[in-house]
Amino acid sequence: MDNVTYDTIIRNGRWFDGTGAPSAIRNIGIRDGRVVAVTPHPLDETGAEVVDATGKWVLPGMVDIHTHYDVEVLGGPGLPESVRHGVTTVLLGSCSLSTLYVDGSEAGDLFGRVEAIPREHVISAVDGSKTWSNAQQYIQALESRPLGPNVASFIGHSDMRTATMGLDRATRKDQRPNAAEQAQMERMLADALDAGFVGLSSMQLLFDKIDGDTCRSRTLPSTYAKPRELRRLKSLVRKRGRVLQSGPDIKNPLNLASQVAQSLPVLRKKLKTSLLSAADVKANPLAILMLGPLARLVNRFGADFRWQHLPVPFEVYADGIDLVVFEEFGSGAAALHLRNEVERNALLADEQYRRQFRKDYDNKFGVRVWHRDFFDAEIVSCPDESVIGKSFGQVGLDRDGLHPVDAFLDLVLEHGTKLRWRTTISNHRPEVLKKLARDPGIQMGFSDAGAHLRNMAFYNSGLRLLRHVRDAERTGAPFMTIEQAVHRMTGELADWYQIDAGHLRLGDRADLVVIDPDQLGSQLDEYAENPVEQYAGLPRMVNRNNDTVSLVLIGGRTVIRDGEPTDLLGAQRTGSFLRVGRSTPAPSPTTTSEFAHAH
């Protein structure tokens, strides 16, 4: 026995330190938000909260490198839908979108349609919260709230461009920033990097569209940036050794090639690059064979390049025609352009429009995300119960050989958003997922947590990867060790982004999750719905694995117990803003926060 006192002791769990080193049965002692003991020997339990983790795994809290919580964190900073699945650190500011500089209306236009967060709630959250005008003030505003998880952030290129040029000019092909505007964006970026942001996020993908009225259906501002503008911004990121997160124009091979090549240190420093995304796409099953080798090739020549990857099947749901994949072809985007239901229904009923939709659907050439196969799209709920469980293709056959497009549009016209259906777009082959999970050029991320509330739920993707690895191990055909899987979702990510997270060693922050491996079962694939209070009760697709996650600690304090949030989560600050390259102390226990007091 020792004579040291502890706040919490995790007893007899299988401990993973986040480095990929061998796991072992250990007792873990926590005091003042840090790990102060990791030992096979008993610890003095006097005055400590003791958790018996016999038969369970104790691992560092997982790091989610791709979220869109920028809006939700303002009014609901506990972020329980991620935390309850063992995520203790989230990255904001993805896909060129952040809320540092834009006002509420501009944020609503940028986030509303691209990320399927209702525009009016984006406006309300930003305008009702904004007290900051620079990066340091933004950090202070976040830390004045009862943050649940730790937060790190990119600064979004579209955010800076909109605030500098105005949304209208920022989304016109014939407009470029003048010298003063270019200098202003560079100051914004430098300020964010000085404050500890992980880097810059940009976007060149052309089917992400703007909401609102003024610039509706234009692509995101960063897609209009010319090479000189991008080079100057990337140069700042390169010099600081920070990260560029970007999405290439997948229809332009030269853009994709340049995005990969920019990471190379050719007469300059390398540019750490995290690119969207590595996926085993049904529409193009050969593409995935190129991505891993491409990353390994440029890294062999001194680059530091990674693809982001969701390590589970990419299954999406839709209410009627409201799904972002329709943005990638003309007739689909034309329908989503119309917000007025009467106008949209008139378009969907028009025979000339349907002819074009059928043409777009039947065109199988070119790079695309959605496989455009309505036989591979299952109806899960509908007022007409006779179609539930069928594909739109089958409904067409049942209706005298109707084209699948007409079967789909007829049901949308008849039932609107009460027609709910699903399809799997990518990551459908388990053997390919195994290869991607091992590839050093690929990062485990891309959950999109906080966005697409009605379309997808990947909040527990880390648990699902652990199940995949555990199941393969049990069948005698392992493709990686549990230790390697934990490392890929914790320490590997934290180290690459240079943030104080992802490890569970002596002196590390006590951000950890206790998992029951016997409960990594089929329930991880199930979805439920839960209303989002701050979005007027909008039902969000969620995962519920309460038997799987026994405990989550952030900053040494219990925020999840038996899968459910404790009274602490979202009421007191347990998480911190993690600044690049800096150790971050856990918040001191407090009874209130400035945010809670103000509300």
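Residues numbered from 1 in each chain as written. Predicted model: local features only at pLDDT ≥ 70, side-chain atom pairs only at ≥ 80, totals over all residues. Heavy atoms only, no water.

**Some thoughts on the overall build of the protein**
- Check the secondary structure of the protein and you find 21 helices and 22 strands.
- Whereas a compact globule of 599 residues would reach a radius of gyration of roughly 25 Å, the protein reaches 24 Å, a difference of no more than 12%.
- Here the C-alpha coordinates of the protein stretch approximately 80 × 60 × 55 Å along the principal axes.
- Considering the protein as a whole, with its 599 residues, one finds that 61% of them fall into the buried category. (Helix = DSSP H or I, 4+ residues; strand = E, 2+ residues; numbered from the N terminus. Rg over C-alpha atoms; globule rule 2.2 N^0.38 Å. Buried < 20%, exposed > 50% of the residue type's maximum accessible area, 1.4 Å probe, protein only.)

**Description of the sheet that holds strand β8 (residues 150-156)**
- The strand order across the open sheet formed by eight strands is β6-β7-β8-β9-β10-β11-β12-β16, and the pairing between neighbours is parallel. Looking at which strands have only one partner, the edges of the open sheet turn out to be β6 (62-64) and β16 (442-444). Within the sheet, the average angular offset between the axes of one strand and its neighbour, ignoring direction, is 30°.
- Sheet analysis places β8 next to strand β9 (residues 199-201), joined by three bridges and oriented parallel. By the bridge assignment, glycine 156 is partnered in β9 with serine 201. (Pairing = 2+ DSSP bridges. Axes fitted to C-alpha atoms, helices over the stretch in contact; angles between N-to-C directions.)

**A closer look at the pairing of strand β5 (residues 57-60)**
- Of the strand pairs in this sheet, strand β1 (residues 8-15) and β5 are connected by two bridges, and their pairing is parallel. Note that in β5 the partner of arginine 14 across the bridge is tryptophan 57.
- In this sheet, strand β17 (residues 512-515) lies alongside β5 in antiparallel orientation, the contact comprising four bridges. When the bridges of β17 are listed, tryptophan 57 appears paired with isoleucine 515.

**Points about the domain arrangement of the protein**
- Domain boundaries assigned for the protein yield domain 1 (62-313 + 427-459) and domain 2 (316-425).
- Distance between the C-alpha centres of domain 1 and domain 2: 29 Å.
- Listed by partner, the interface residues are 23 residues for domain 1 and 23 residues for domain 2.
- Between domain 1 and domain 2 lies a buried interface of about 2,000 Å² when both sides are counted; carbon and sulfur atoms form 49% of it.
- Interface area lost by domain 1 to domain 2 is led by Phe207, Lys282 and Asn455, which between them contribute 30%.
- Run the count over domain 1 and domain 2 and you get five salt bridges.
- Inspection of the region where domain 1 meets domain 2 yields 12 residue pairs in polar contact (both at pLDDT 80 or more). (Domains from an automatic or database assignment. Contact = heavy atoms within 4.5 Å. Buried area = accessible area lost by both parts, 1.4 Å probe. Salt bridge = Lys/Arg side-chain N within 4 Å of Asp/Glu carboxyl O. Polar contact = N/O pair within 3.5 Å; in protein donor to acceptor, adjacent residues only side chain to side chain.)

**Here we look at the packing of aromatic side chains**
- Counted under the stated rule, the structure contains 25 aromatic pairs.
- Centre to centre, the rings of phenylalanine 314 and phenylalanine 458 are 5.1 Å apart; their planes meet at 40°, and the pair counts as tilted. With phenylalanine 314 in strand β13 (residues 314-319) and phenylalanine 458 in the loop between β16 and α18 (461-474), this residue pair connects regions lying 144 residues apart in the sequence.
- Put simply, the rings of Phe326, Phe329, Tyr353, Phe357, Tyr361, Trp370, Phe374, Phe392, Phe408 and Trp421 touch in pairs and so form one group of aromatic residues.
- The ring of tryptophan 496 has lysine 272 sitting right over it, with the charged end atom 4.7 Å from the ring centre.
- In this arrangement the basic side chain of lysine 364 is found over the ring face of tyrosine 361, its NZ or CZ atom lying 4.5 Å from the centre. (Phe/Tyr/Trp six-rings, centres within 6.5 Å; stacked < 30°, edge-to-face > 60°. Lys NZ or Arg CZ within 6 Å of the ring centre and 35° of its normal.)

**Quick word on unusual backbone geometry**
- Cis geometry marks the peptide bond from leucine 276 to serine 277; its omega dihedral reads -20°.
- With respect to the helices, strands and loops of the structure, serine 277 is situated in the loop between β11 (272-275) and α11 (288-300).
- At serine 96, a residue that is not glycine, the phi angle is positive and equals roughly 80°.
- Residue serine 96 is classed as buried on the basis of its relative accessible area of 0%.
- Positive phi is not limited to glycine here, since alanine 116 has a value of about 55°.
- In this structure, alanine 116 sits in the loop between α3 (104-111) and α4 (119-127).
- Take alanine 116: its relative accessible area is 28%, and that puts it in the partly exposed class.

**Describing the sheet that holds strand β14 (residues 378-381)**
- Strand order in this open sheet of three strands is β13-β15-β14, and the pairing throughout is antiparallel. Every interior strand has two partners, whereas the edge strands, β13 and β14, have only one. The mean inter-strand angle of the sheet, taken between neighbouring strand axes irrespective of direction, is 35°.

**Some remarks on the pattern of salt bridges**
- In this structure the tally under the stated criterion is 45 salt bridges.
- Where aspartate 471 meets arginine 470, a salt bridge forms, and the shortest distance between an N and an O atom there is 2.9 Å.
- Two residues, aspartate 508 and arginine 505, come together in a salt bridge whose shortest N-O distance is 2.8 Å.
- Salt bridges sharing common partners tie together Glu351, Arg354, Arg358, Asp406 and Asp410.

**Regarding helix α16 (residues 404-415)**
- Taking 1.5 Å of rise per residue, 12 residues should cover 16 Å, and α16 covers 16 Å from first to last C-alpha, within 8% of that figure.
- Most of α16 sits out of view: nine of its 12 residues are buried.
- Of the positions making up α16, those classed as buried are Pro404, Val405, Asp406, Ala407, Phe408, Leu409, Leu411, Val412 and His415.
- The elements touched by buried residues of α16 are α13 (341-349), α14 (351-362), β14, α15 (392-398) and β15 (420-426).
- Positive backbone phi, approximately 60°, marks glycine 416, located one or two places after α16. (Expected span 1.5 Å × (residues − 1).)

**Details of the packing of helix α8 (residues 179-195) against helix α9 (residues 227-240)**
- The geometry of α8 relative to α9 is characterised by a closest axis approach of 10 Å and an angle of 20° between their N-to-C directions. By the angle class used here, α8 and α9 are roughly parallel. As for how α8 packs across α9, the hand of that crossing is right-handed. Contacts between α8 and α9 involve Gln182, Met185, Glu186, Leu189, Ala190, Leu193 and Asp194 on the former and, on the latter, Arg228, Glu229, Arg232, Leu233, Leu236, Val237 and Arg240.
- When its residues are assigned to classes, the contact of α8 with α9 shows seven nonpolar, one polar and six charged. (Parallel < 35°, antiparallel > 145°, perpendicular 65-115°, else oblique. Left-handed = near helix turned anticlockwise from the far one by under 90°. Nonpolar A, V, L, I, M, F, W, Y, C, P; charged D, E, K, R; others polar.)

**Regarding the pairing of β8**
- Where burial is concerned, most of β8 is hidden: seven out of the seven residues are buried.
- Burial along β8 is two-sided: the residues Asn150, Ala152, Phe154 and Gly156 and Val151, Ser153 and Ile155 are all buried.

**Brief notes about the nonpolar core**
- Counting residues in each nonpolar core, the largest one holds 140 residues, and the members touching the most others are Phe197, Phe326, Phe374 and Trp421.
- Discounting chain neighbours no more than four positions away, the residues touching phenylalanine 374 are Phe326, Phe357, Tyr361, Ser391, Phe392, Gly393, Pro404, Val405, Phe408 and Trp421.
- Core analysis: the second largest hydrophobic core is formed by 15 residues, Leu91, Ala152, Val243 and Leu578 among them. (Core = buried A, V, L, I, M, F, W, Y, C linked by side-chain atoms within 4.5 Å.)

**Concerning α9**
- Given a rise of 1.5 Å per residue, 14 residues ought to cover 20 Å, and the 20 Å separating the end C-alpha atoms of α9 matches this to within 8%.
- By the burial criterion, the buried members of α9 are Glu229, Leu230, Leu233, Lys234, Leu236, Val237 and Arg238.
- Lining the buried residues of α9 we find α6 (157-165), α8, β9, β10 (243-246) and α10 (253-261).
- Count one or two residues on from α9 and you reach glycine 241, which has phi positive near 70°.

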